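# Commentary on secondary and tertiary structure
Spelled out, the chains give:
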Amino acid sequence: MIVVTGATGGLGGTTVEHLLKRTPADQIGISVRDTAKAQHFADRGVRVRQGTYEDPVALRNSFAGAEQVLLVSGNDPDADMLGLHRNAVEAAVAAGARRILYTSQQGAVPGNPYRPSDIHIATEALLDDSGVAWTALRNGAYGPLDQVLGPWQRTGVIAQPQDGPVPYTDRADIAEATAVVLAGDRAFDGPVNLTAPNAVTFDDLAKIASGLTGHRVERVVLDDEQWVAGQIAIGVPEQMARLMLTWYQAARSGYFAEAGPLLAELLGREPRTAAERLATHVAA
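Residues numbered from 1 in each chain as written. Predicted model: local features only at pLDDT ≥ 70, side-chain atom pairs only at ≥ 80, totals over all residues. Heavy atoms only, no water.

Turning next to the overall build of the chain. Broken down by element type, the chain carries 13 helices and nine strands. In terms of overall dimensions, the chain is globule-like: its C-alpha atoms have a radius of gyration of 20 Å, near the 19 Å expected for 284 residues. Oriented by its inertia axes, the alpha-carbon framework of the chain measures out at about 55 × 35 × 35 Å. Looking at the chain residue by residue over its 284 residues, the buried ones come to 49%. A fraction of 75% describes how many contacts in the chain between residues 6 or more apart in sequence connect residues 24 or more apart. Entry remark: accessible area of the chain is about 12600 Å², with carbon and sulfur atoms responsible for 50%. Of note, the chain has its 24 positive side-chain charges centred 3 Å away from the centre of its 33 negative side-chain charges. (Helix = DSSP H or I, 4+ residues; strand = E, 2+ residues; numbered from the N terminus. Rg over C-alpha atoms; globule rule 2.2 N^0.38 Å. Buried < 20%, exposed > 50% of the residue type's maximum accessible area, 1.4 Å probe, protein only. Contact = heavy atoms within 4.5 Å. Areas by Shrake-Rupley, 256 points an atom, 1.4 Å probe, with all protein chains shown as cover. Lys, Arg positive; Asp, Glu negative; His and termini not counted. Charge placed at Lys NZ, Arg CZ, Asp CG, Glu CD.)

This next bit is on the packing of helix α4 (residues 81–94) against helix α5 (residues 116–128). Interaxial distance between α4 and α5 falls to 10 Å at its minimum, and their mutual angle equals 25°. As judged from the angle between their axes, α4 and α5 are roughly parallel. By crossing handedness, the relation of α4 to α5 is classed as right-handed. Along the contact surface, α4 presents Met 81, Leu 82, His 85, Arg 86 and Val 89, while α5 presents Ile 119, Ala 122, Thr 123, Leu 126 and Leu 127. A per-class count over the contact of α4 with α5 returns seven nonpolar, two polar and one charged. (Axes fitted to C-alpha atoms, helices over the stretch in contact; angles between N-to-C directions. Parallel < 35°, antiparallel > 145°, perpendicular 65-115°, else oblique. Left-handed = near helix turned anticlockwise from the far one by under 90°. Nonpolar A, V, L, I, M, F, W, Y, C, P; charged D, E, K, R; others polar.)

For helix α1 (residues 10–19), a buried count of seven out of 10 residues is recorded, marking the element as mostly surrounded by other parts of the structure. Looking only at α1, the buried set comprises Leu 11, Gly 12, Gly 13, Thr 15, Val 16, His 18 and Leu 19.

What follows deals with the environment of Ala 179. Among the secondary structure elements, Ala 179 is positioned in helix α8 (residues 171–183). The spatial distance from the C-alpha of Ala 179 to the C-alpha of Thr 103 is 12 Å, given a sequence separation of 76 residues.

So, about the pattern of salt bridges. Taken as a whole and assessed by the stated rule, the structure comprises 14 salt bridges. Across the salt bridge formed by Asp 170 and Arg 272, the nearest N and O atoms sit 3.5 Å from each other. Placement of Asp 170 in the loop between β7 (157–161) and α8 and of Arg 272 in the loop between α12 (262–267) and α13 (274–283) is noted, with a sequence separation of 102 residues between them. Overall, Asp 170 belongs to the buried group, its relative accessible area being 11%. We classify Arg 272 as partly exposed; its relative accessible area is 25%. We note a salt bridge from Glu 265 to Arg 186, for which the minimum N-O separation is 2.4 Å. Residue Glu 265 is found in helix α12, and its partner Arg 186 is found in the loop between α8 and β8 (190–194); the two are separated by 79 residues along the sequence. (Salt bridge = Lys/Arg side-chain N within 4 Å of Asp/Glu carboxyl O.)

Following the criterion strictly, the structure yields six aromatic pairs and no others. For the pair Trp 227 and Tyr 248, a centre-to-centre distance of 5.2 Å together with 70° between the ring planes defines the contact as edge-to-face. With Trp 227 in helix α10 (residues 224–233) and Tyr 248 in helix α11 (residues 238–252), this residue pair connects regions lying 21 residues apart in the sequence. With respect to class, Trp 227 is no different from Tyr 248; both count as buried. These aromatic residues form a ring-pair network of at least three members: Tyr 114, Tyr 168, Phe 202, Trp 227, Trp 247, Tyr 248 and Phe 256. (Phe/Tyr/Trp six-rings, centres within 6.5 Å; stacked < 30°, edge-to-face > 60°.)

Moving on: the nonpolar core. With 31 residues, the main nonpolar core has Val 4, Val 16, Leu 19, Ile 30, Leu 70, Leu 194 and Leu 266 as its most contacted residues. Listing elements by their share of this core, those giving two or more residues are β1 (2–5), α1, β2 (28–32), α8, β8 and α12. If you tally residues by element for this core, the top one is α8, at seven residues. Sequence-distant contacts of Val 4, defined by excluding residues within four places in its chain, comprise Gly 12, Val 16, Leu 19, Gly 29, Ile 30, Ser 31 and Leu 70. In terms of nonpolar packing, the next biggest core, distinct from the first, is built from 27 residues, Val 148, Trp 152, Leu 205 and Leu 222 among them. (Core = buried A, V, L, I, M, F, W, Y, C linked by side-chain atoms within 4.5 Å.)

Next up, the structure:
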């Protein structure tokens, strides 16, 4: 039995879809906040149980019988995410899971200024102390490119803080590789990186975007405080703007620069590149 948390979200749900191509449905379970939103999985034979990181008792029930548990990391900046992750790890151990997999983040190492890194580092430490085999999938940045590039199609300008090389990774590729790891015979112990094959900068992406659109897309480097002020002016809460700023600071310091081959190896093909993702976005 493989149990997946967060299965009504983008990453968890797509992972379950790929698992269904590799594993009998009656060997897949999911733990979700709202079971009604997972009816489409229940209709296909997946075991659906209610369980959230806030409720350890329900979580242990949703993990019952699991050989492997995939813990999809939380992302609420206002919550005690480490405490919630501790609940999830302890519930998986109590349920008798033989391996816990956790969706961590590339660059989850001491010194990284991107604040969520601290939560991933601490959660990996919890896993290491759990007494259970564990794998931390340190995923490359897989959010929408416009989230970090800004409204470049409308303005013709990528006006963001100074960045650095990042192997921007397709979430669908991450989900498929996660299913391959869960359903396969090969065990990965400790942290492993899952990233696109090459790291690119905003300068690179501006050139790619220029070629795709047929007109020049300019790269403008904004001062950090100027960028924060601009974000606040368009309605982004200051706390959120400053949190996102730490991502750019980490990128420029090289914390996300390394691109590895494992994702391609697991997929059996080359992952989608940032250039391909931009091309799809432009075409749409």
